[in-house]
Amino acid sequence: MMGSQKKYPGLIVVISSPSGAGKTTICHKLIKKHKDFAFSVSATTRPPRKKERDGVDYHFLSDARFDGLLRKNHFAEWADVFGYRYGTLKSEITAALKNDMVLLCDVDIQGGMSIKKRFRDAISIFIIPPSLTELKKRLFTRRTESPRQKKLRLETALKELQYWRRYDYVVLNDNLKAAVNEVDMIIAAGRKKSNRLESGRYWSRAQMRLLGLRGT
Ligand code: ADP
Ligand code: 5GP
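Let us look at the structure shown here. Residue indices follow the written sequence of each chain, beginning from 1 at its first position. Whichever chain is written first becomes A and whichever ligand is written first becomes 1, with later ones labelled in order. Thresholds applied to this predicted model are a pLDDT of at least 70 for local features of residues and 80 or more for the giving and counting of side-chain atom pairs; totals over whole chains, interfaces and linings are not thresholded and use all residues. To obtain the side-chain values, all non-hydrogen atoms of the structure were included, while hydrogens and water were left out.

1. Overview of the site of ligand 2
Alright, step 1. Definition of nearness: a residue and a molecule or strand are near each other if at least one heavy atom of the residue lies within 4 Å of the molecule or strand. Around ligand 2, the surrounding shell holds 17 residues, and the nearest of these are Ser42, Arg46, Tyr58, Tyr86 and Asp106.
Alright, step 2. Two N or O atoms count as a polar contact when they lie within 3.5 Å, although within protein this holds only if one can serve as hydrogen donor and the other as acceptor, and sequence-adjacent residues are included solely when both atoms are side-chain atoms. In this structure, an oxygen atom belonging to ligand 2 sits 2.6 Å away from a side-chain N or O atom of Asp106.
Alright, step 3. Here an oxygen atom of ligand 2 and a side-chain polar atom of Arg153 are 2.7 Å apart.
Alright, step 4. Areas reported as accessible are Shrake-Rupley estimates using a 1.4 Å probe. Residue values count occlusion only from the protein chains shown. Starting from 510 Å² of accessible surface for ligand 2 in isolation, the protein chains cover 97%.
Alright, step 5. Judged by the fraction of its atoms near the pocket grid, ligand 2 is located in the largest pocket.
Alright, step 6. Broken down by secondary-structure element, the contributors of at least two residues to the shell around ligand 2 are strand S5 (75-81) and strand S6 (84-89).
Alright, step 7. Just so you know the grouping, Ala, Val, Leu, Ile, Met, Phe, Trp, Tyr, Cys and Pro go in nonpolar, Asp, Glu, Lys and Arg go in charged, and all remaining residues, Gly too, go in polar. Of the residues in the shell around ligand 2, the class split is 6 nonpolar, 4 polar and 7 charged. Grid spacing is 1 Å over the protein atoms alone, the probe is 1.4 Å, and a cavity is where that probe fits but cannot get out, while a pocket is an open set with protein on both sides within 12 Å along at least five of seven lines and lining residues have an atom within 4 Å of a point. In this scheme, a molecule is assigned to a cavity or pocket if more than half of its atoms are within 2 Å of the grid points. Segments assigned H or I by DSSP are reported as helices when at least four residues long, segments assigned E as strands when at least two residues long, and all are numbered from the N terminus.

2. Some details on the pattern of salt bridges
Alright, step 1. Salt bridge, as used here, is a side-chain nitrogen of Lys or Arg placed within 4 Å of a carboxyl oxygen of Asp or Glu. The final tally for this structure, using the stated rule, is 11 salt bridges.
Alright, step 2. Several salt bridges share partner residues, and in doing so they unite Arg46, Arg49 and Glu52 into one network.

3. Topic: the sheet that holds strand S8 (residues 123-128)
Alright, step 1. What the 5 strands build is an open sheet, ordered S2-S7-S1-S8-S9; its pairing is parallel. Since the sheet does not close on itself, it has two edges, and those belong to strand S2 (37-39) and strand S9 (169-172), each with one partner. The sheet shows a mean angle of 25 degrees between the axes of neighbouring strands, taken without regard to direction.
Alright, step 2. Packing of helix H7 (residues 176-191) onto the sheet brings it into contact with strand S1 (11-16), S2, strand S7 (102-106), S8 and S9, and relative to S8 it is tilted by some 170 degrees. Strands are labelled as partners when DSSP assigns at least two bridges between them. To obtain an axis, a line is fitted to C-alpha atoms, over the contacting stretch when the element is a helix, and the angle between two such axes runs from 0 to 180 degrees between their N-to-C directions. We call two residues in contact whenever any of their non-hydrogen atoms come within 4.5 Å of each other.

4. Some points on the packing of aromatic side chains
Alright, step 1. Between rings of Phe, Tyr and Trp, where Trp is taken as its six-membered ring, a pair exists when centres lie within 6.5 Å; planes separated by under 30 degrees are stacked, by over 60 edge-to-face, and by other angles tilted. The tally for this structure, following the rule as stated, stands at 5 aromatic pairs.
Alright, step 2. With centroids separated by 6.2 Å and ring planes inclined at 70 degrees, the aromatic side chains of Phe66 and Trp78 adopt a geometry described as edge-to-face. Taken together, the residues Phe66 in helix H2 (residues 63-71) and Trp78 in strand S5 connect sequence positions 12 residues apart.
Alright, step 3. In this structure Phe66 comes out as buried when scored by relative accessible area, which is 0%.
Alright, step 4. Relative accessibility under 20% of the residue-type maximum defines a buried residue, over 50% an exposed one, and the middle range a partly exposed one, all with a 1.4 Å probe and only protein chains included. By relative accessible area, Trp78 is classed as partly exposed at 38%.
Alright, step 5. Two conditions define a charge located above a ring, namely a distance within 6 Å from the ring centre to NZ of Lys or CZ of Arg, and an angle within 35 degrees of the ring normal. Against the face of Tyr8 rests Lys192, its NZ or CZ located 4.6 Å from the ring centre.

5. As for unusual backbone geometry
As a rule of thumb, non-glycine residues mostly have phi less than zero, and peptide bonds are mostly trans rather than cis.
Alright, step 1. For Asn73, which is not glycine, the phi dihedral falls at a positive 65 degrees.
Alright, step 2. One can find Asn73 in the loop between H2 and S5.

6. Quick word on the layout of surface pockets
Alright, step 1. Grid points are joined across faces, edges and corners, and a volume is the space filled by probe spheres set on the points. By volume, the largest pocket is sized at about 1,200 Å³.
Alright, step 2. Around the largest pocket, the lining comprises 44 residues; the ones closest to its centre are Thr24, Thr25, Arg49, Glu52 and Arg142.
Alright, step 3. Secondary structure elements with two or more residues in the lining of the largest pocket: helix H1 (23-33), S5, S6 and helix H6 (147-161).
Alright, step 4. In terms of residue class, the lining of the largest pocket is made up of 12 nonpolar, 13 polar and 19 charged.
Alright, step 5. Its volume calculated, the second largest pocket comes out at about 180 Å³.
Alright, step 6. Lining the second largest pocket we find Asp80, Val81, Phe82, Asp108, Ile109, Gln110, Thr156, Lys159, Glu160 and Tyr163.
Alright, step 7. Elements with a contribution of two residues or more to the lining of the second largest pocket: S5, helix H4 (109-118) and H6.
Alright, step 8. Among the elements that take part in the lining of the second largest pocket, H6 stands out by supplying 3 residues, more than any other.
Alright, step 9. Grouping the constituent residues of the lining of the second largest pocket by class yields 4 nonpolar, 2 polar and 4 charged.

Here it is, written out as structure tokens:
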């Protein structure tokens, strides 16, 4: 086909859920599947888990280094979560948007709300587990937290679940493959929203004529 569309504009996607519902797993599956999807690598003061890699899963920082970034205004948002600090770096967002990437921001509800406020074009997805029993099972079989952290995360889960209405979309993560597909479809639709496609960068000359768009 002649004159196909060049590229869709980048998109910030906020993904939140109670701890253990599966948001990180879903994000990683999507990154594997799409070359133009990126994971927003947050900074955190939490210690790394066994399989986590610095600079890949998180930038693992001391309190002092986190403070340094805060002072230099490097964060798009940051929050205290489960006794540690977590923050989305402005540089992650700038780089992704500049390169027309989809940026997956695995953040808590405070972070999700801040990002939505600051970046009006962002879409937000809330992942829910099939049941509390299953959530407990996932949190406990992950074997990454201390008993105290697990208890805190479970207690917080019940509060966090009440925020689902604040998100644009809600996806049930029962069957992982189905959940990944649903998130994928939501993102695909989000990228094609008409109000995001005004720029001539995304169309051929012929398509621009068809759509009545002026050159940029
Ligand atoms: P979160 O990032 O929301 O805290 P994770 O992605 O770390 O959660 O998932 C928690 C645990 O549940 C992991 O061990 C993961 O492999 C598992 N998991 C994720 N999705 C499913 C699913 N649909 N069915 C069964 N186990 C799942
Ligand atoms: P975990 O310790 O399980 O990796 O993450 C704990 C919580 O912190 C999760 O809800 C996760 O989404 C959230 N989180 C991770 N990175 C950020 C961030 O940059 N900002 C905010 N606000 N929350 C984050």
